[in-house]
Amino acid sequence: MPPEFCTEKIGGADNPLWVQWGRTADGDMAFNDQDVSLACLDSEFFAGTSSGGENGFAGPVSAFMHFGGLVGLPNGKIEEGPHNAIHSQIGGLMGDPRYAALDPIFWLHHSNIDRLWERWRTMHPDLADPGDVRWRSTVGFDLHGADGEVWRFKPEDLLETALILHGYTYDDMAVSGTVTLGGLDVPEIAPEDATFAGASGAVDIVDGVGGGRLRVGTDDVSLSIIDAPPRVYLNLENIVGAGEDANFQIFARDVSGTGEETMVGQVSMFGLEAASDRKSVHGGAGLNKVIEITPFAQRLNLTSAGETELDVSFRRRERLTEKPEFMKRGGKAKVSIGRISVFYAPGKPA
């Protein structure tokens, strides 16, 4: 974290960028490569699928999702990482979307997410922003300024950074050739071609540790119906809980094979408590996650035609900061996952 955010006083005066939560004295937040990964920029689709496969750069087509929670629909790639991962690893106010904007680092973080979004658009000039009016013009937002004025806007007002309010640009957007954006009538949506291959029952993570077992590639669904080598996706469905907002590393092992444990990804619990609230607009359906585990599929025996018994486990990441007292919950933190599932999708042609 920049040192300007980690000092309580500057020249003897209060530092407005400092808050007592979500800080370490030296700015070390124990970030890892997954927290700051830019793999989301490799996404080939603006919108993802709702079938359990590719989740896209921006996520699947949906109604407005403030805290997630629409049943079966996951976050998009940029939202899960680096957006959610950074929120969770900083912790404090930043660990909960209901309070995160009270921390000044929120605004720097979101400026960077905006920059990465613009970078993705310039990297993929053949893709377009959605043309659907339900996305462009039927959902509105109010932004309250320090002077009390309210700025009302819709997504269609934010398509070009140079035309937003006073206008702004980023200094690292240069790409070769001519870039034309927004020329298509529909978003680039990932194909609904993922095939269900197996699932666990409900899984609990208590005080940062837990896991479950599933069978992948049953008699009804196997790799024989997918062009090999496939893309393989691990889904975490209907995650609910309270008192937990950290990042978790995900491990898997082929029980029937070598039994060697492999770390296959990371998942953030940012927004879990809000998405689990049954009084909320989404009725407490929880979070949904999609993690592509294709690079580990062969090691986990997921590219053979037979059945594989897979153990999936979760371990909470270390965090160096504390929560405010009002955000702490008594007892052990518990996360419940409706099920862990695996989906196959056709791989890219050689």
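See the structure shown above.
Definitions and limits used
Residues numbered from 1 in each chain as written. Predicted model: local features only at pLDDT ≥ 70, side-chain atom pairs only at ≥ 80, totals over all residues. Heavy atoms only, no water. Helix = DSSP H or I, 4+ residues; strand = E, 2+ residues; numbered from the N terminus. Rg over C-alpha atoms; globule rule 2.2 N^0.38 Å. Buried < 20%, exposed > 50% of the residue type's maximum accessible area, 1.4 Å probe, protein only. Contact = heavy atoms within 4.5 Å. Areas by Shrake-Rupley, 256 points an atom, 1.4 Å probe, with all protein chains shown as cover. Lys, Arg positive; Asp, Glu negative; His and termini not counted. Charge placed at Lys NZ, Arg CZ, Asp CG, Glu CD. Core = buried A, V, L, I, M, F, W, Y, C linked by side-chain atoms within 4.5 Å. Salt bridge = Lys/Arg side-chain N within 4 Å of Asp/Glu carboxyl O. Expected span 1.5 Å × (residues − 1). Bend = angle between axes of the 7 residues up to and from the residue. Pairing = 2+ DSSP bridges. Phe/Tyr/Trp six-rings, centres within 6.5 Å; stacked < 30°, edge-to-face > 60°. Lys NZ or Arg CZ within 6 Å of the ring centre and 35° of its normal.

A. Quick look at the overall build of the protein. Along its length, the protein carries four helices and 13 strands. On C-alpha atoms alone, the protein measures out to a radius of gyration of 21 Å, which is about the 20 Å that the 2.2 N^0.38 rule sets for 350 residues. With the C-alpha coordinates of the protein rotated into their principal frame, the extents come out at 65 × 50 × 40 Å. Residues classed as buried in the protein amount to 47% of the 350 residues present. Contacts spanning at least 24 positions in sequence make up 72% of the contacts within the protein whose residues lie at least 6 apart. Put simply, the protein shows about 17400 Å² of open surface, and 53% of that area lies on carbon and sulfur atoms. Charge separation in the protein, taken as the distance between the mean sites of 30 positive and 51 negative side-chain charges, equals 6 Å.

B. Examining the nonpolar core more closely. Among the nonpolar cores identified, the biggest contains 33 residues, and L236, I250, L302, F314, I337 and I340 are the most heavily contacted of them. The element best represented in this core is strand β13 (residues 334–345), accounting for five residues.

C. Structural context of the pattern of salt bridges. Applying the stated criterion across every chain, the model contains 28 salt bridges. Among the salt bridges present, the one from D35 reaches R317, with a minimum N-O distance of 2.9 Å. One end of the pair, D35, is in the loop between β2 (13–14) and α1 (77–90); the other, R317, is in the loop between β12 (308–316) and β13, with 282 residues separating them in the sequence. The salt bridge partner of E160 is R121, with a shortest N-O separation of 3.9 Å. With E160 in the loop between β4 (150–153) and β5 (195–199) and R121 in helix α2 (residues 105–123), this residue pair connects regions lying 39 residues apart in the sequence. With relative accessibility at 4%, the residue R121 sits in the buried group. Ionic contacts of the salt-bridge type, sharing partners, join the residues R213, R215, R253, E307, E309 and D311 into one network.

D. Inspection of α1 at higher detail. Helix length check: α1, at 14 residues, gives a terminal C-alpha distance of 19 Å against a target of 20 Å (1.5 Å per residue), a fit within 8%. At N84, α1 shows its largest bend, some 35 degrees. With twelve of 14 residues buried, α1 is to be regarded as a mostly interior element. Along α1, the positions that sit buried rather than exposed are I78, E80, G81, P82, H83, N84, A85, I86, H87, S88, Q89 and I90. Looking at the buried positions of α1, the neighbouring elements they touch are α2, β9 (247–254), β10 (262–268) and β11 (287–292). Within two residues after α1, G91 carries a phi angle of roughly 70 degrees, on the positive side.

E. Just the pairing of β11, in detail. Of all the six residues making up β11, five are buried; the element is thus mostly covered by neighbouring parts of the structure. Inspection of the sheet shows strand β8 (residues 231–242) paired to β11 by five bridges, in the antiparallel sense. Within β11, the position partnered with L234 by the bridge is I291.

F. The arrangement of the packing of aromatic side chains in detail. Within the structure shown, the criterion is met by twelve aromatic pairs. Plain terms: the ring middles of F46 and W117 are 6.0 Å apart, the flat faces sit at 75 degrees to each other, and that makes the pair edge-to-face. You can see F46 sitting in the loop between β2 and α1 and its partner W117 sitting in helix α2, a full 71 residues away along the chain. Pairwise contacts between aromatic rings join F46, F57, W117, W120 and W135 into one cluster. Residue placement shows R315 over the ring face of F251; its charged tip is 4.0 Å from the ring centre.

G. Representation of the environment of K323. Among the secondary structure elements, K323 is positioned in the loop between β12 and β13. K323 sits in the buried class, given a relative accessible area of 17%. When the C-alpha atoms of K323 and G22 are compared, they prove to be 7.3 Å apart, with 301 residues separating the residues in sequence. Setting aside chain neighbours within four positions, we find K323 in contact with W21, G92, G243, E244, D245 and K328.

H. Representation of α2. The end-to-end C-alpha distance of α2, which contains 19 residues, comes to 27 Å, matching closely the 27 Å that a straight helix rising 1.5 Å per residue would cover. Within α2 the residues assigned to the buried category are I105, F106, H109, I113, L116, E118, W120, R121 and T122. In the core, the buried residues of α2 are packed alongside α1.

I. Representation of unusual backbone geometry. Across the junction of G81 and P82, the peptide omega takes the value 15 degrees, indicating a cis bond. Mapping P82 onto the fold places it in helix α1. Here D207, not a glycine, exhibits a phi torsion of approximately 55 degrees, which is positive. Residue placement: D207 occurs in the loop between β6 (203–206) and β7 (209–216). Notably, N238 is not glycine yet its phi reads approximately 50 degrees, a positive angle. Note on placement: N238 falls in strand β8.

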